[in-house]
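Chain and residue survey
So the chains spell out like this:
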2 protein chains.
Amino acid sequence: MENTLIPTALCPKVEHAFEILGKKWTGLILRHLLTKTCRFNEIQDAIPELSGRMLTERMKELEAEGIVARTVIPERPIKIQYSLTDKGRQLEPVIRSIEEWAELQD
Amino acid sequence: MENTLIPTALCPKVEHAFEILGKKWTGLILRHLLTKTCRFNEIQDAIPELSGRMLTERMKELEAEGIVARTVIPERPIKIQYSLTDKGRQLEPVIRSIEEWAELQD
């Protein structure tokens, strides 16, 4: 890997990116949202070991980071949907590369 | 992203990969090792806010994961070098994709 990297000391953005992605369950949540817009319990059903409290926390964080959008559908009863923003969609290559690496490991 | 993903419920390996990469400083440490084999203090110099204690902990974890190799050079004084294993080198696309994503963000 030629040294075209951003100088390590000057990349809080890169470190912040690792931090966001590294939080427990965030990777799997993003992976699921990459396949489709979801309601809260659809995400929870897809990741059985993930508690409702933790999912709520992760979704708030991802919303604050501008990675996930929360849409309220004013039906009766009200429906809430979660989808990736453009910033979130740009994570697809990252998610895919991590998956490919994970699959290589025995 | 067509649904060619591994079923979410069945991918502890993917979740484990996110966990490894998400630990604070791991991403930047791996990034630095991708550019060259390093001695302990070279890594520490490259990441000023990273304490010696934390770096020691992260290197032990990465060694246990088979991502980093620790080589003792029997000179006087003894030299210890850290380098990426094949498994570690396979992370290059992941590190690069995270960097590219981070650079896109304002």
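Conventions used here
Residues numbered from 1 in each chain as written. Chains lettered and ligands numbered in written order. Predicted model: local features only at pLDDT ≥ 70, side-chain atom pairs only at ≥ 80, totals over all residues. Heavy atoms only, no water. Helix = DSSP H or I, 4+ residues; strand = E, 2+ residues; numbered from the N terminus. Contact = heavy atoms within 4.5 Å. Buried < 20%, exposed > 50% of the residue type's maximum accessible area, 1.4 Å probe, protein only. UniProt positions renumbered as here; feature names shortened; annotations may be inferred. Least-squares fit on C-alpha atoms with pLDDT ≥ 70 in both. Buried area = accessible area lost by both parts, 1.4 Å probe. Salt bridge = Lys/Arg side-chain N within 4 Å of Asp/Glu carboxyl O.

**Some details on the side chain of B:Arg58**
- Here B:Arg58 lies in helix α4 (residues 52–64).
- The residues contacting B:Arg58, other than those within four sequence positions of it, are B:Lys23, B:Lys24, B:Thr26 and B:Ile29.

**A short note on helix α1 (residues 12–22) of chain B**
- Listed in full, the buried residues belonging to α1(B) are B:Val14, B:Glu15, B:Ala17, B:Phe18, B:Ile20, B:Leu21 and B:Gly22.
- Buried-residue contacts for α1(B) involve α1 (12–22), α2 (26–35) and α6 (92–104) of chain A together with α2 (26–35), α4 and α6 (92–104) of chain B.

**Remarks on the UniProt feature "domain: HTH hxlR-type" (unreviewed entry) in chain A**
- Sites flagged by UniProt as "domain: HTH hxlR-type" (unreviewed entry) map to residues 11–106 of chain A.
- Annotated as 60% helix and 15% strand, the span residues 11–106 of chain A places its first and last C-alpha atoms 32 Å apart.

**Some words on the relation of the copies chain B and chain A**
- With an RMSD of 0.0 Å, chain B superimposes on chain A once it is rotated by 180 degrees and translated 0.0 Å along the axis. These values place the two chain copies in the arrangement generated by a two-fold rotation axis. Using C-alpha coordinates, one finds that chain B approaches the rotation axis most closely at B:Gly22, a distance of 1.5 Å.

**Considering the interface of chain B and chain A**
- Counting residues at the interface gives 46 residues for chain B and 46 residues for chain A.
- Roughly 4600 Å² of surface becomes buried between chain B and chain A when both sides are summed, with 66% attributable to carbon and sulfur atoms.
- Viewed at the interface, chain A and chain B are joined by two salt bridges.
- Note that A:Lys24 and B:Glu19 form a salt bridge whose closest N and O atoms lie 2.8 Å from each other.

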